[in-house]
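Summary of structural features
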Amino acid sequence: MTTAAELHRRTRELLAAHPPADTDRLDFLRARFDAGLAWVHYPEGLGGLAAPRALQAVVDAELEAAGAPGNDPRRIGIGLGMAAPTVLRYGTEVQKSRLLRPLWTGEEVWCQLFSEPGAGSDLAALGTRAVRDGDDWVVNGQKVWTSSAHLARWAILIARTDPDVPKHRGITYFVCDMSDPGVEVRPLRQITGEAEFNEVFLTDVRIPDSRRLGEVGDGWRVAQTTLNNERVAIGGTPVPREGGMIGKVAATWRERPRLRTHDTHQRLLGLWVEAEVARLTGVRLRQQLAAGQPGPEGAGMKLTFARLNQEISGLEVELLGEEGLLYDDWTMRRPELVDFTGRDAGYRYLRSKGNSIEGGTSEVLLNIVAERVLGLPAEPRTDKDVAWKDLAR
């Protein structure tokens, strides 16, 4: 088994062969991947060394101390947090070899074609169709709320391949080339003024069967890997103590005492404690991940993340008074990432409203926690044995 000492040695060898100060950023990232130091728990040849996941911190700390470039996880979070674990688990060797390296280095951005106008919370009701035509699948439909679609080369896509069976059983999972004919991306302008989300229209898009992940009709099971990892990626991102949004409002409180009131003080204390509990819970969750695939516990973290962001941003706007009503820039743009801490309080307040929708609505996640974590009885579902084509729409 690869040890911490072995990782230290390999990291020093990487730095000696590719000094960060003298090496092109992309060349360094490629060399790091090839050395197995990208994600050490992945198999050899795929950016890892089959080492314990917890040892990634050994590599990261040494590279950070040396000033080595990173791969900008915020920009490629969908690829790193959702696509990569799914490709690793269900992809063929050819798919893994082709897709994982440029995904990790950030050369190829990924997006997620899951939600539809009529299938958001009830994702399994999706209607985008994929029909087999020889060695290809011909896909028609519409997806919505697609982050980074305007930047993406690849997309993870679920489509209905059998309308004659119940909705969860007739879905197949694909990798879609966003540069293919028939893929149209349109911006969705949000309440923040920008369009980080998109609509994606698929018209006679041909996807080779070689870009299918998992078996035909088994896409819902494959998608659970993606969704479980997505919730951890959104709600379990590592942050330092008093990092993220609680750090912004705490800094305002310390730096501007004239804004303080007894009520806001009490609320800030309560939210600070909750944010710290959530941070420590995230640490524990990531430690559990070292032993295997994420489970439904990530739904609880994502629930907490959404609620805290909304409450903290609301307190910040209230604390700032009239200043909190200002907004820095309503210019329509299509950003590469979401920057909660780099913008003003007004942006944080508006953007956090989406946290309880994206990555699974809070209502759906409450059901997941109730049924899969607490073991409570499932809600009655009258449509689970009805063919998709017979469902009311």
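Look up a bit, the structure's there.
Right, let's walk through the structure included here.

1. Re the overall build of the protein
- Within the protein, the secondary structure is distributed over eleven helices and eight strands.
- Over its C-alpha atoms the protein spans a radius of gyration of 22 Å, differing by no more than 12% from the 21 Å that the globule rule assigns to 393 residues.
- The principal-axis extents of the C-alpha atoms in the protein amount to approximately 70 × 55 × 45 Å.
- When contacts within the protein are restricted to residue pairs at least 6 apart in sequence, those whose partners lie at least 24 apart make up 71%.
- About 18500 Å² of surface is accessible on the protein, with carbon and sulfur atoms providing 53% of the total.
- Looking at the protein, you have 50 positive and 55 negative side-chain charges, and the mean spots of the two groups are 2 Å apart.

2. Some thoughts on the side chain of Thr226
- As for its placement among the helices and strands, Thr226 is situated in helix α6 (residues 219-235).
- Looking at Thr226, the relative accessible area reads 0%, which means it is buried.
- Engagement of the side chain of Thr226 in a polar contact is seen with the side chain of Thr86, the distance being 2.7 Å.
- Not counting chain neighbours up to four residues away, the residues in contact with Thr226 comprise Met82, Thr86, Gln112, Phe114, Ile156 and Tyr173.

3. Focus: the environment of Asn355
- Note on placement: Asn355 falls in the loop between α10 (345-351) and α11 (362-373).
- The exposure class assigned to Asn355 is buried, which follows from its relative accessible area of 0%.
- Considered as a pair, Asn355 and Ile156 are 199 residues apart in the sequence and their alpha carbons are 21 Å apart.
- Not counting residues up to four positions away in its chain, the partners in contact with Asn355 are Lys302, Phe305, Ala306, Asn309, Gln310 and Phe340.

4. Some points on the environment of Arg334
- Structurally, Arg334 can be placed in the loop between α9 (297-320) and α10.
- Measuring from C-alpha to C-alpha, the distance between Arg334 and His150 comes to 7.8 Å, with 184 residues separating the pair along the chain.
- Contact partners of Arg334, with chain neighbours within four places excluded, come to His150, Val185, Arg186, Pro187, Ala195 and Asn198.
- A polar side-chain atom of Arg334 sits 2.7 Å from a polar atom in the side chain of Asn198.

5. Considerations on the packing of aromatic side chains
- Summed over all chains, the structure comprises eight aromatic pairs.
- When the centroid spacing of 5.9 Å and the interplanar angle of 85 degrees are considered together, the rings of Phe114 and Tyr173 count as edge-to-face. Remark: Tyr173 occurs in strand β5 (residues 171-177) and Phe114 occurs in the loop between β1 (110-113) and β2 (129-133); sequence separation between them is 59 residues.
- Given a relative accessible area of 0%, Tyr173 falls into the buried group.

6. Describing helix α3 (residues 56-65)
- Regarding α3, the residues found buried are Gln56, Val58, Val59, Glu62 and Leu63. End-on, the buried residues of α3 take up no more than an arc of 160 degrees, which puts them together on one face. Exposed side of α3, more than 90 degrees from the buried face: Glu64 and Ala65 are the residues found there.
- Those residues of α3 hidden inside the fold are in contact with α1 (4-17) and α2 (25-34).
- Gly67 sits one or two positions beyond α3 and adopts a positive phi of about 75 degrees.

7. A short note on the packing of α2 against helix α5 (residues 93-105)
- For the pair α2 and α5, the least separation of the axes is 9 Å and the interaxial angle reads 135 degrees. Viewed along their axes, α2 and α5 adopt a mutual orientation that is oblique. With respect to the hand of their crossing, α2 and α5 are arranged in right-handed fashion. Residue-level inspection shows Leu26, Leu29, Arg30, Arg32, Phe33 and Asp34 of α2 in contact with α5, the latter providing Leu100, Arg101, Trp104 and Thr105.
- Partitioned by chemical class, the residues of the contact of α2 with α5 number five nonpolar, one polar and four charged.

8. Regarding the nonpolar core
- Ranked by size, the top nonpolar core spans 54 residues in total, and within it Trp39, Trp110 and Met178 carry the most contacts.
- Look past the residues within four positions of Trp39 in its chain and what remains in contact with it is Phe33, Leu46, Gly47, Gly48, Gln56, Leu80, Ala84, Leu100, Leu103 and Trp104.
- Judged by nonpolar contacts, the second largest core, of 17 residues, contains Ile246, Leu259, Leu308 and Val317.

9. Comments concerning the packing of α1 against α3
- α3 packs onto α1 with a crossing angle of 35 degrees between their chain directions and a minimal axis gap of 9 Å. The handedness of the crossing between α1 and α3 comes out as right-handed. For the pair formed by α1 and α3, the contact residues are Ala4, Leu7, His8, Thr11, Arg12, Leu14 and Leu15 on the first element and Val58, Val59, Glu62 and Leu63 on the second.

10. Considerations on the side chain of Asn71
- Residue position: Asn71 is located in the loop between α3 and α4 (77-90).
- A relative accessible area of 9% places Asn71 in the buried class.
- Side-chain polar atoms of Asn71 contact the backbone oxygen of Trp104, separated by 2.9 Å.
- Non-local contacts of Asn71, meaning those with residues more than four positions away in its chain, are made with Arg25, Leu29, Ile76, Leu80, Trp104 and Thr105.

The rules behind these values
- Here the residue numbers are simple positions, counted from 1 along each chain's written sequence.
- Since the coordinates come from a predicted model, pLDDT governs what is reported: local features require at least 70, and pairs of side-chain atoms require 80 or more to be given and counted, while whole-chain, interface and lining totals use all residues.
- Neither water nor hydrogens contribute to the side-chain values; these are computed over all heavy atoms in the structure.
- Strands here mean DSSP runs of E at least two residues long; helices mean DSSP runs of H or I at least four residues long; both are numbered from the N terminus.
- For the radius of gyration, the atom set is restricted to C-alpha positions; the globular benchmark scales as 2.2 Å times the number of residues to the power 0.38.
- Contacts were defined at the residue level, with two residues in contact if any of their heavy atoms lie within 4.5 Å.
- Per-residue and other accessible areas follow the Shrake-Rupley method at a 1.4 Å probe size, with only the shown protein chains counted as cover for residues.
- Positive charge is attributed to Lys and Arg, negative charge to Asp and Glu, and no charge count is given to His or to the chain ends.
- Note that the charge is assigned to NZ on lysines, CZ on arginines, CG on aspartates and CD on glutamates.
- Only protein chains enter the accessibility calculation, which uses a 1.4 Å probe. A residue is then buried if its area is under 20% of the maximum for its type, exposed if over 50%, and partly exposed in between.
- A 3.5 Å cut-off defines polar contacts: any pair of N or O atoms within that distance qualifies, except that in protein one atom must be a possible hydrogen donor and the other a possible acceptor, and neighbouring residues in sequence count only when both atoms are side-chain atoms.
- By convention, a stacked pair of Phe, Tyr or Trp rings (six-membered ring in the case of Trp) has centres within 6.5 Å and planes under 30 degrees apart, an edge-to-face pair has planes over 60 apart, and any other such pair is tilted.
- Throughout, the arc means that of the directions going from the helix axis to the C-beta atoms.
- In this description, a line fitted to the C-alpha atoms serves as the axis of each element, helices being fitted only across the stretch in contact, and the angle between N-to-C directions of two axes falls anywhere from 0 to 180 degrees.
- In these notes the angle categories are as follows: under 35 degrees is roughly parallel, over 145 is roughly antiparallel, 65 to 115 is roughly perpendicular, and the rest is oblique.
- Definitions for this section: a left-handed crossing has its near helix turned counterclockwise from the far helix by less than a right angle. A right-handed crossing has that turn clockwise.
- Amino acids are sorted into nonpolar (Ala, Val, Leu, Ile, Met, Phe, Trp, Tyr, Cys and Pro), charged (Asp, Glu, Lys and Arg) and polar (every other residue, Gly among them).
- Throughout, nonpolar core names a set of buried Ala, Val, Leu, Ile, Met, Phe, Trp, Tyr and Cys residues whose side chains join them through atoms within 4.5 Å.

The values are spatial; any link to function lies outside them.
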